[in-house]
Amino acid sequence: MRITKRTNIAMRVLMFCAANPTRMVTKAEIAARCNASENHLAQVINQLAQMGYLHTQRGRNGGLQLARPASDIVIGEIFRKLEAPVPLAECFADVDNTCPLTECCRLRSALTEAAEAFYRTLDPVTLDGMVCGNVALLDFLSAHVCEGTRQRPLATLTTVK
């Protein structure tokens, strides 16, 4: 199963926010760190906020952060909500289905079952489980930006005497 770009970006946004839980993060930070366009991010951030996963704040000190604890964000739920509108095959589409086999083909039920197995596999996974203890991810996504200037992570700073 291949996930959409929207879901992929949504996971990057959520992981970035989970890796920086003590502050509001900006769309520009996420775009730079996660290799995503700000236009795509704006759409995904808006959708995640409408779904109740993100809290957004406009203005000079604005940004975004998780709207609920990372331990309460279930990955399977996110995938279902973001991927559900995308048909797996032509026969799943209400409109534009030209397949003459739709009424007698067993592929549709097999694909439905496979998709549900995919989501069930993701149901026990939380955002916290993906981020917490993942040192490499936390190091990559943690706050490296200070007023627009790239800074080294705190772990690599040394004290000068």
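Residues numbered from 1 in each chain as written. Predicted model: local features only at pLDDT ≥ 70, side-chain atom pairs only at ≥ 80, totals over all residues. Heavy atoms only, no water.

Caption draft 1: Here's a closer look at the packing of helix H1 (residues 5-19) against helix H2 (residues 27-34). Between H1 and H2, the least distance of the axes is 10 Å, while the angle of their chain directions is 110 degrees. When the interaxial angle is binned, H1 and H2 end up roughly perpendicular. Crossing hand, H1 versus H2: right-handed. For the pair H1 and H2, the contacting residues are Arg12, Val13 and Phe16 in the first and Glu29, Ile30, Arg33 and Cys34 in the second. Broken down by class, the residue content of the contact of H1 with H2 amounts to 4 nonpolar, no polar and 3 charged. (Axes fitted to C-alpha atoms, helices over the stretch in contact; angles between N-to-C directions. Helix = DSSP H or I, 4+ residues; strand = E, 2+ residues; numbered from the N terminus. Parallel < 35°, antiparallel > 145°, perpendicular 65-115°, else oblique. Left-handed = near helix turned anticlockwise from the far one by under 90°. Contact = heavy atoms within 4.5 Å. Nonpolar A, V, L, I, M, F, W, Y, C, P; charged D, E, K, R; others polar.)

Caption draft 2: Here's a closer look at the confidence of the model for the protein chain. Averaged over every residue, the pLDDT of the protein chain is 83; residues scoring 70 or more account for 81%. Below pLDDT 50 for its whole length, residues 144-161 participates in 11 contacts with residues either more than four positions away or in separate chains. (pLDDT = per-residue confidence, 0-100.)

Caption draft 3: Summary view of the nonpolar core. One finds Val13, Leu14, Leu54, Leu66 and Leu127 to be the most contacted residues of the largest nonpolar core, which totals 37 residues. Residue assignment for this core shows that the elements contributing at least two residues are H1, H2, helix H3 (38-50), strand S2 (63-66), helix H4 (75-83), helix H5 (107-122), helix H6 (127-131) and helix H7 (135-141). If you tally residues by element for this core, the top one is H1, at 10 residues. Residues within four places of Leu66 in sequence aside, it is in contact with Leu14, Cys17, Ala18, Tyr53, Leu54, His55, Ile73 and Leu127. (Core = buried A, V, L, I, M, F, W, Y, C linked by side-chain atoms within 4.5 Å. Buried < 20%, exposed > 50% of the residue type's maximum accessible area, 1.4 Å probe, protein only.)

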